[in-house]
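Structure assessment
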Amino acid sequence: MKKSVCLSFSLLAIFSLIAVAPSAFAEHGEGGMSATVENAAGSSTPGCEPDCFIPSTVVITVGGTVTWENTDTMAHTSSSGTPVDGPDGVFDSSLVMAGASFSHTFDSAGTFDYFCMVHPWMTGTVIVEAEAEHGEEMEHTEMEEMEHTEMEEMGHGDDHAANGVEDISDQFTASVTSGVIHHIGANSDDDTLLVHLFGADDDGELKITLNKDIITPFDDGSYFVLINSEEVEFEQMGRTLHIDYDAGTEKIEIVGSHVVPEFGTIAMIILAVAIVSIIAITTKTKISLIPRL
Ligand SMILES: [Cu+2]
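These remarks concern the structure in this document. Just so it is clear, the structure is predicted and the values come from calculations on it, not from any experiment. (Residues numbered from 1 in each chain as written. Predicted model: local features only at pLDDT ≥ 70, side-chain atom pairs only at ≥ 80, totals over all residues. Heavy atoms only, no water.)

For strand 5 (residues 79-82) and strand 8 (residues 110-115), the ladder comprises 2 bridges, and the chain directions are antiparallel. Within strand 8, the position partnered with Ser79 by the bridge is Phe115. Here strand 8 runs beside strand 9 (residues 123-129); their pairing, made up of 6 bridges, is antiparallel. By the bridge assignment, Asp113 is partnered in strand 9 with Thr125. (Pairing = 2+ DSSP bridges. Helix = DSSP H or I, 4+ residues; strand = E, 2+ residues; numbered from the N terminus.)

Within this structure, the stated rule accounts for 1 disulfide. Disulfide pairing is shown between Cys48 and Cys52; the S-S distance is 2.0 Å. Measuring the twist about the S-S bond at about 95 degrees, one finds the Cys48-Cys52 disulfide to be right-handed. Taking relative accessible area as the criterion, Cys48 reaches 15% and is therefore assigned buried. The class of Cys52 is buried, set by a relative accessible area of 1%. (Disulfide = S-S within 2.5 Å. Buried < 20%, exposed > 50% of the residue type's maximum accessible area, 1.4 Å probe, protein only.)

Printed below as a string of structure tokens:
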């Protein structure tokens, strides 16, 4: 985590150096340290394939950053993995609203497939090439080291903010078989984790793995689960809960003995979806999904 923060700072620093020495970097051209991908207009409806992300394949070098700019009018995600196998956790933008963007810095070489969890026909690839072995790249390394030192002196505030978000997304995984998880919030006053669902038109199951650093179970290792304020039966295997819910459910509460207060301040949108049900929902309720501008 820390490394990528440092890297993005270094990148910023490098950009500011471009003004000083433009010729040194001009030769990198495309497929260098950064690439930008846009969501195709209207890609929330099938038919944009194979160019739902534009360009659908980008090439960068190790340490480079890809920025996804949502130039479409609908919310999208850029989630590593494939629609068939699901997200693999290398990177995940979660929901990126129209006009917003998401960046990820790639620290290792490889080919990374990604897709949009809301519109799984939207797929793309990031190819990260090993760093070229020539003089210019050496300059990068030296500069990164240099900026690294400076960063440590002045970067604490941002470092903290970035860690807060990143760390929490690592804290648990959640998926649903009907609808999408719109938001997970916490209420430290009554030690409750709130899972807000959206578009659960059918009965479904929420599978969520909890980290005890976020929500501490009761002494016997158990939690309570409330749906529409009524206690429900659920299955618990270790820290993974399988919770069945009825069509139309909007709020599932998981009660433990303690919830980390900081968590409540972070408005987190996790989109873990059952692909099939999402296609159905998107088709059925397309109108209501369009954010009112
Ligand atoms: Cu999308």
